[in-house]
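Here is what each chain is made of, one letter per residue.
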Amino acid sequence: MSLTAGIVGLPNVGKSTLFNAITKKNILAANYPFATIDPNVGIVSVPDKRVEVLENMYKPKRTIPTTYEFTDIAGLVKGASKGEGLGNKFLSHIRGVDAIVEVVRCFEDNNIIHVDGNVDPIRDIEVINIELILSDLEIIENRLNRIGKKAMMTKDKKELKEIELLQKVKDSLEKNIPLRRLSFDAEERKILSPYNLITIKPIIYVANVEEKEINNENNQYIKQVVDYANKEQSETVIICAKIESELADLSEEEKEIFLQELNIKESGLDQLIRKTYSLLGLATFFTVGTDEVRAWTFKLGMKAKECAGIIHSDFEKGFIKAEVMSYDDLVKYQDELKVRDNGKVRIEGKDYLVQDGDICHFRFNI
């Protein structure tokens, strides 16, 4: 299961600098798989210390962490919903991501011209949000115009329910309220799914600051972004894109020293990946052995049979059972045999809800 986040922002906010840091990550030093699929897509590993612990325990031939895909989406300007600038390209790309990472300029620099003349984080956020709202609104209005009269005439229950939901969505969008602020049940989300609405996607705001401001809790620009995000129950990550770009060129050891010197516990990029992972309701299970230690991404609430299918469709089709132990138990006893001897290995059926940190061995027959 891949995780895709689209990086968006106005021109000159640091979006490209951040993305360049992502695509420059030192693969060989970190021993993590990495790929640049095309000029605006990069893949990095999800930081997880458990993978390193398991690698040291099993000494496998290869270690594969779970990955995270960033898409650098064309810069947005006012009027994007009407095709201004690269608006159409921007909107088509953003519909294909799972989460939105909105980079917001929170630094002053006379050498970098702001597209609107001065730094104002909330204005910048609302420029983008309004364009996304207008784009979604156009889709909803077109659909209502197509099926509205027909449904009223035929009294089709399914279409009438859809119209009622679309009207609720339309009312919200017309008030400039993104759909992620509304509550939808499972059936409503199923109805809305084919529309691939942008404002229903979860969002994380990245406050891009100067190096000297990275630990400044009194920065007024950061406070504005955090307050805005909190009102819609969204996350904020404070990043200095310039620092992230420098970190990308360092080995893991050098990176740790650099972060310590700056009094930073965790890189902004690692925070961003971790928070987005959590935001999307994702978790990790592991498969282990001397051939391979591997982390697998799954959606919380998935059952054992479904998770087996993440590895291979044959595992799901021929699922028999899963042998499961927790990462914590393995670390505690330091040996699979001791975990078994202490009764901590469980045999689970197809309906078992897989938990974050489960180490699974799936048995199947085709």
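Description of the structure in this document. Note that this is a predicted model, so its numbers are computed, not measured.

Parameters at a glance
- Residues numbered from 1 in each chain as written.
- Predicted model: local features only at pLDDT ≥ 70, side-chain atom pairs only at ≥ 80, totals over all residues.
- Heavy atoms only, no water.
- Helix = DSSP H or I, 4+ residues; strand = E, 2+ residues; numbered from the N terminus.
- Areas by Shrake-Rupley, 256 points an atom, 1.4 Å probe, with all protein chains shown as cover.
- Patch = residues over 30% accessible without salt bridge, like charges linked within 9 Å, V, L, I, M, F, W, Y side chains within 5 Å.
- Salt bridge = Lys/Arg side-chain N within 4 Å of Asp/Glu carboxyl O.
- Lys, Arg positive; Asp, Glu negative; His and termini not counted.
- Charge placed at Lys NZ, Arg CZ, Asp CG, Glu CD.
- Contact = heavy atoms within 4.5 Å.
- Buried < 20%, exposed > 50% of the residue type's maximum accessible area, 1.4 Å probe, protein only.
- Pairing = 2+ DSSP bridges.
- Core = buried A, V, L, I, M, F, W, Y, C linked by side-chain atoms within 4.5 Å.
- Phe/Tyr/Trp six-rings, centres within 6.5 Å; stacked < 30°, edge-to-face > 60°.

## Things to note about the overall build of the protein
When its secondary structure is counted, the protein shows 15 helices and 13 strands. As displayed, the protein has an accessible area near 18700 Å², and 48% of this comes from carbon and sulfur atoms.

## Looking at unusual backbone geometry
Backbone geometry at lysine 59 places phi at a positive 50 degrees, although glycine is not the residue there. Residue position: lysine 59 is located in the loop between helix 3 (49-58) and strand 4 (62-64). In this model, glutamine 334 sits at a positive phi of 65 degrees, which is unusual for a non-glycine residue.

## Side note on a negative patch on the surface
Residues Glu52, Glu252, Glu253, Glu254 and Glu256 make up a contiguous surface patch of negative charge. The element best represented in the negative patch is helix 10 (residues 252-261), accounting for 4 residues. As for its placement among the helices and strands, glutamate 252 is situated in helix 10.

## Observations concerning the environment of phenylalanine 364
As for its placement among the helices and strands, phenylalanine 364 is situated in strand 13 (residues 358-364). Sequence separation between phenylalanine 364 and lysine 305 is 59 residues, and the spatial gap between their C-alpha atoms is 9.8 Å. In contact with phenylalanine 364, other than residues within four places in its own chain, are Asp314, Phe315, Gly318, Phe319 and Ile320.

## A closer look at the pairing of strand 3 (residues 41-45)
Taken across its 5 residues, strand 3 has 5 buried, putting it largely inside the fold. Covered by surrounding structure in strand 3 are Val41, Ile43 and Ser45 together with Gly42 and Val44, the residues of both alternating faces. Relative to strand 5 (residues 67-72), strand 3 runs antiparallel, the two sharing 5 bridges. Paired with glycine 42 across the two strands is phenylalanine 70, which belongs to strand 5.

## A few points about the nonpolar core
Among soluble globular proteins, nonpolar side chains are generally buried collectively. The biggest cluster of nonpolar side chains holds 58 residues, and the ones touching the most others in it are Tyr68, Phe70, Ile94, Tyr205 and Leu272. Counting residues in each nonpolar core, the second largest holds 16 residues, with Leu137, Ile140, Leu197 and Ile200 among its members.

## Side note on the packing of aromatic side chains
Applying the stated rule across the entire model yields 7 aromatic pairs. Ring centres of tyrosine 205 and tyrosine 228 lie 5.9 Å apart, and the angle between their planes is 90 degrees; on these two criteria the pair is classed as edge-to-face. Taken together, the residues tyrosine 205 in strand 7 (residues 203-208) and tyrosine 228 in helix 8 (residues 220-231) connect sequence positions 23 residues apart. The exposure classification of tyrosine 205 matches that of tyrosine 228, with both residues buried. Geometrically, the ring pair formed by phenylalanine 319 and phenylalanine 362 is tilted, given 6.3 Å between the ring centres and 55 degrees between the ring planes. With phenylalanine 319 in strand 11 (residues 319-326) and phenylalanine 362 in strand 13, this residue pair connects regions lying 43 residues apart in the sequence. With respect to class, phenylalanine 319 is no different from phenylalanine 362; both count as buried. The structure contains a cluster of three or more aromatic residues connected by ring pairs, namely Phe285, Trp296, Phe298, Phe319 and Phe362.

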